[in-house]
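# Coordinates in review
Chain by chain, the residues:
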Amino acid sequence: TKRVNPRFESIFLKKKGEVAMVHLHIRSAYTLLKSTLSIERIVSLCRLHGYRAAALCDFQVLHGAMKFIERCQKENIHPVIGMEVKVNEDQNTYGFYLLAKDNQGYQDLCVLSSVLNKIDAPTLSMEELMIYSPHLIVISSCDDNTLEQYLLQEKSEQLTSFFAYAKQCFRE
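Predicted model, so just to flag it, every value in this text is computed and none were measured.

Before going further, it helps to examine helix H7 (residues 156-169). The terminal C-alpha atoms of H7 lie 20 Å apart, and with 14 residues this matches the ideal 20 Å at 1.5 Å per residue to within 8%. Turning to H7, its buried residues are Leu159, Phe162, Ala166 and Cys169. Down the axis of H7, the smallest arc covering the buried residues is 85°, so these residues share one side. Relative to its buried face, H7 has exposed residues pointing more than 90 degrees away, namely Glu157, Thr160, Lys167 and Gln168.

Written out as structure tokens, the structure is:
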């Protein structure tokens, strides 16, 4: 069985050996037309369900990050800051959830959010994402993108090829 990193044991373990649920993709009202949840409501629901950690992961913005951190800390919940992004690669669009590993990761998310909100076509290239990935946890998303189509159409060769490429890009 996999052991939880001792650094995170107090966050993720309810009892010795029992891992708690951690939501890694919570959207707030800052993700327009995808969620109506305020930061206050998210944190109160996390408290109600006994979560020790939760990740705010809005689409291309970090507007609620500081309020989320403050509210979570008041409730003894470990805040994880993330962001959802789209990446264009070879005329395909892929989705990723990016979670900050540390303060540098948070700063990298801020840079990516600024870049994405200043350009006409709000997507990144895989190369741009790779530059900022060392301090981020990169999770693939199948929400309304090419990966979803590969899954629905059972294109296992394309899925295998994409994940092999992604593994090369994000070695950790």
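That was the structure; now back to the text.
On the surface, Val111, Val115 and Ile119 cluster together into a nonpolar patch covering about 190 Å² of accessible area. One can find Val115 in helix H4 (residues 103-116). For Val115, a relative accessible area of 31% corresponds to the partly exposed category.

Structurally, Ser141 is set in strand S8 (residues 136-141). Within the structure, Ser141 has its side chain in polar contact with the side chain of Tyr97 (distance 3.4 Å).

Another point: unusual backbone geometry. Glycine aside, the phi torsion of most residues is negative, and most peptide linkages are trans. A positive phi angle is found at Asp90, which is not glycine, with a value near 55°. Note on Asp90: relative accessible area 67%, which makes it exposed.

On to the packing of helix H2 (residues 39-48) against helix H3 (residues 65-74), then. Following both chains from N to C, one finds H2 and H3 inclined at 35°, their axes separated by 10 Å at the closest point. Here H2 and H3 pass one another in a crossing that is right-handed. Contacts from Ile39, Glu40, Ile42 and Val43 in H2 reach Lys67, Phe68, Arg71 and Cys72 in H3. Residue composition of the contact of H2 with H3, grouped by class: five nonpolar, no polar and three charged.

So, about the nonpolar core. Among the nonpolar cores identified, the biggest contains 36 residues, and Phe68, Val85, Phe96, Leu98, Leu109 and Leu129 are the most heavily contacted of them. Residue contacts for Leu129: discarding those within four places in its chain leaves Val87, Phe96, Leu98, Leu112, Leu124 and Phe170. Grouped together as the second largest cluster of nonpolar side chains are five residues, Ala55, Cys57, Val80 and Leu99 included.

Okay, the confidence of the model for the chain next. Reading fine detail from the predicted coordinates is not recommended where pLDDT is low. Chain-level pLDDT for the chain is 85 on average; 87% of the residues reach the 70-or-more range. Across the chain, H3 holds the top mean pLDDT of 97, while strand S2 (residues 18-19) sits lowest at 50.

So, on to the pairing of strand S4 (residues 53-59). Burial of S4 is extensive: six of the seven residues sit out of reach of the surface. As judged from the two bridges shared by strand S3 (residues 23-26) and S4, these two strands associate in the parallel manner. Paired with His23 across the strands is Ala54, a residue of S4. Where S4 and strand S5 (residues 78-89) come together, seven bridges link them in parallel fashion. Its bridge partner being in S5, Asp58 is matched across the sheet by Met83.

Here is what the cut-offs are and how they apply
- Going along each chain's sequence as written, the residues are numbered from 1 onward.
- Whole-chain, interface and lining totals are the exception, using all residues; otherwise, since this is a predicted model, local features are given only for residues with pLDDT of at least 70 and side-chain atom pairs are given and counted only at 80 or more.
- Side-chain calculation: all heavy atoms of the structure are included, whereas hydrogens and water are not.
- Helix and strand assignments come from DSSP, with helices taken as H or I runs of at least 4 residues and strands as E runs of at least 2, each series counted from the N terminus.
- A helix is expected to span 1.5 Å multiplied by its residue count minus one.
- Burial here depends on accessible area, computed with a 1.4 Å probe over protein chains only, as a share of the maximum for the residue type. Under 20% is buried, over 50% is exposed, and the range in between is partly exposed.
- Each C-beta atom gives one direction from the helix axis, and the arc is the one those directions make.
- To count toward a patch, a residue needs a relative accessible area above 30% and no salt bridge. Like charges then connect within 9 Å, nonpolar side chains (Val, Leu, Ile, Met, Phe, Trp, Tyr) within 5 Å.
- All accessible-area figures derive from a Shrake-Rupley calculation using a 1.4 Å probe, and residue coverage is judged against the displayed protein chains alone.
- Whenever Lys or Arg places a side-chain nitrogen within 4 Å of a carboxyl oxygen from Asp or Glu, that contact is recorded as a salt bridge.
- Here a polar contact is recorded for every N or O atom pair within 3.5 Å, except that within protein the pair must consist of a potential hydrogen donor and a potential acceptor, and residues adjacent in sequence are included only if both atoms are side-chain atoms.
- Here the axes come from fitting lines to C-alpha atoms, over the contacting stretch only for helices, and the angles between their N-to-C directions go from 0 to 180 degrees.
- Helix crossings get a hand from a simple test, with the near helix turned counterclockwise from the far one by less than a right angle marking a left-handed crossing and a clockwise turn marking a right-handed one.
- Residues are treated as being in contact if the distance between any of their heavy atoms lies within 4.5 Å.
- All amino acids are sorted into three groups, where Ala, Val, Leu, Ile, Met, Phe, Trp, Tyr, Cys and Pro are nonpolar, Asp, Glu, Lys and Arg are charged, and the leftover types, Gly among them, are polar.
- Joining through side-chain atoms within 4.5 Å is the link that ties buried Ala, Val, Leu, Ile, Met, Phe, Trp, Tyr and Cys residues into a set, and such a set is a nonpolar core.
- Per-residue confidence from the predictor is given as pLDDT, running between 0 and 100.
- Strands were regarded as paired on the criterion that DSSP finds at least two bridges between them.

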